[in-house]
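# Close look at the chain arrangement
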Amino acid sequence: MRVLVTGGAGYIGSVVTEELVAGGHEVVVYDDLSKGHRDAVIDEAAFVQGDLLDRDALFSTLRDNAIEAVVHMAARSLVGESVTEPAKYYETNVMGGLVLLDAMRAAGVGPIVFSSTAAVYGAPEKQPIEETAPVAPTNPYGETKLAFERALRWYDEAYGVRYVSLRYFNAAGATPRSGERHDPETHLIPLVLKVALGEIGEVTVFGDDYPTKDGTCVRDYIHVSDLARAHVLSLEMLARGGKSAIYNLGCGGDGYTVREVIDVAREVTGKEIPVKMGPRRAGDPAMLVASSARIASELGFRPAQQDLREIVASAWRWLSARRAQEASVVAA
Ligand code: UFG
């Protein structure tokens, strides 16, 4: 299929692009490079630098490349920023999404796979979380992702735009060529690895008084390659004429506490990784663990890398290789 990947220069988007190309699809990446990196896009994919709010550019990209389906990943995704600057989140995640849907309808393009988030659930008590759990976002990031998910439902009913909405839990790890590089970095695993490299002095643990086994927050980490594979399966299901669906994307199980993640990183890197205890971070739910039963039974999807050691090790290999490469460029 000929697929447009919005946000395809980002951390997850670049791996989804790799996975689609490996699956025999032709990919056009559409990204404004506000957060993504041009060099994260593999050479086998075409690249268009464009704004999600630019309907004409989207329309001509869809039409000129004879696009048949869209993976929509372009978004703002920092929970903290969304609380202080909700307007940006409504603009990109809701308005931008609607502009894309409008351009798709005008160009006669469908279906669509959408990057949603566990943040739509808020802080549910019942774990693991099933897709039928009540949605109750606690921040504008989750709220705007949910708003677009709901728009998809009504666009499907009225216009027949079939979709899969993938509610990501915690994406982590790296492929040999693509890893996490955000600026500023706020995610636990890359931060801990930067401490291991000596780039940051210590990692602050945000709260140790949660009702969890060691007092720190529990999350469900899923390898970015597994996450990417789920996009390809979703797209192929839709291409076969399958019905719209919402799926959680996590590994399930018990999840891992923040302390466990740090211990695994110590084991993987062989470094000490100094830790400082800090207060809770606003808006952090104590526990977010997916029930991944629905996507397993409907699409036959199971994460291949469920061991956090392997996930962290892949991120460590990528980061170490990148630093070595940067050092050789400086030396030369
Ligand atoms: N954490 C720390 N110290 C840090 C950074 C994080 O203790 O320096 C903790 C957080 O409090 C949290 C856990 O590590 O308990 C994981 O935090 P991340 O920032 O790596 O990830 P989040 O779980 O906060 O966020 C992820 C996605 C969001 C999504 C959210 C759903 O990155 O996009 O899950 O709640 F919205």
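Residues numbered from 1 in each chain as written. Predicted model: local features only at pLDDT ≥ 70, side-chain atom pairs only at ≥ 80, totals over all residues. Heavy atoms only, no water.

The subject of this paragraph is the packing of helix H4 (residues 86-107) against helix H5 (residues 140-159). Where H4 meets H5, the axes come as close as 9 Å, and the angle between the chain directions of the two elements is 20 degrees. Compared by their axis directions, H4 and H5 come out roughly parallel. You can see that H4 and H5 cross each other, and the crossing is right-handed. Residues Pro 86, Tyr 89, Tyr 90, Asn 93, Val 94, Gly 97, Leu 98, Leu 101 and Arg 105 of H4 pack against Pro 140, Tyr 141, Glu 143, Thr 144, Lys 145, Ala 147, Phe 148, Ala 151, Leu 152, Tyr 155 and Tyr 159 of H5. Residue classes in the contact of H4 with H5 are distributed as 14 nonpolar, 3 polar and 3 charged. (Axes fitted to C-alpha atoms, helices over the stretch in contact; angles between N-to-C directions. Helix = DSSP H or I, 4+ residues; strand = E, 2+ residues; numbered from the N terminus. Parallel < 35°, antiparallel > 145°, perpendicular 65-115°, else oblique. Left-handed = near helix turned anticlockwise from the far one by under 90°. Contact = heavy atoms within 4.5 Å. Nonpolar A, V, L, I, M, F, W, Y, C, P; charged D, E, K, R; others polar.)

This part takes up the pattern of salt bridges. Taken as a whole, this structure holds 24 salt bridges when the rule is applied. A salt bridge links Arg 55 to Asp 56; its shortest N-O distance comes to 3.9 Å. Given the relative accessible area of 30%, Arg 55 is considered partly exposed. Among the ionic pairs, Arg 280 bridges to Asp 209, the shortest N-O distance being 2.9 Å. Taken together, the positions of Arg 280 in the loop between strand S13 (275-278) and strand S14 (287-288) and Asp 209 in the loop between strand S8 (203-206) and strand S9 (218-219) put the pair 71 residues apart, joining distant regions of the chain. Given a relative accessible area of 43%, Arg 280 falls into the partly exposed group. Sharing partners across several salt bridges, the network here consists of Glu 199, Arg 322, Arg 323 and Glu 326. (Salt bridge = Lys/Arg side-chain N within 4 Å of Asp/Glu carboxyl O. Buried < 20%, exposed > 50% of the residue type's maximum accessible area, 1.4 Å probe, protein only.)

What follows concerns the site of the ligand. In the region of the ligand, 20 residues are neighbours, and His 187, Thr 204, Arg 219, Arg 281 and Asp 284 sit closest. Interatomic distance of 2.8 Å between a backbone N/O atom of Leu 188 and an oxygen atom of the ligand. At 2.9 Å, a backbone N or O of Phe 206 approaches an oxygen atom of the ligand. Within the complex, the protein chains bury 91% of what would otherwise be the 690 Å² of accessible surface of the ligand. (Near = heavy atom within 4 Å. Polar contact = N/O pair within 3.5 Å; in protein donor to acceptor, adjacent residues only side chain to side chain. Areas by Shrake-Rupley, 256 points an atom, 1.4 Å probe, with all protein chains shown as cover.)

Among all positions in helix H2 (residues 55-64), only Leu 58, Thr 61 and Leu 62 are buried. When H2 is viewed along its axis, its buried side chains cluster within an angular range of 95 degrees and face the same direction. Turned more than 90 degrees away from the buried face of H2, the exposed residues are Asp 56 and Asp 64. Buried residues along H2 sit in contact with strand S1 (2-6), strand S2 (26-31), strand S3 (46-49), strand S4 (69-72) and H4. Looking one or two residues beyond H2, the residue adopting positive phi is Ala 66, at roughly 50 degrees. (Arc of directions from axis to C-beta.)

The linkage connecting Gln 127 with the following residue, Pro 128, adopts the cis geometry, with an omega of -10 degrees. If you check the backbone angles, Ala 66 has positive phi at about 50 degrees while not being a glycine. Within the element layout of this structure, Ala 66 appears in the loop between H2 and S4. Judged by relative accessible area, Ala 66 falls into the partly exposed class, the value being 45%. Phi at Ile 273 takes a positive value of approximately 60 degrees, unusual for a residue other than glycine. Looking at the secondary structure, you find Ile 273 in the loop between helix H8 (258-269) and S13.

Treat this as a map of the structure, not an account of what it does.
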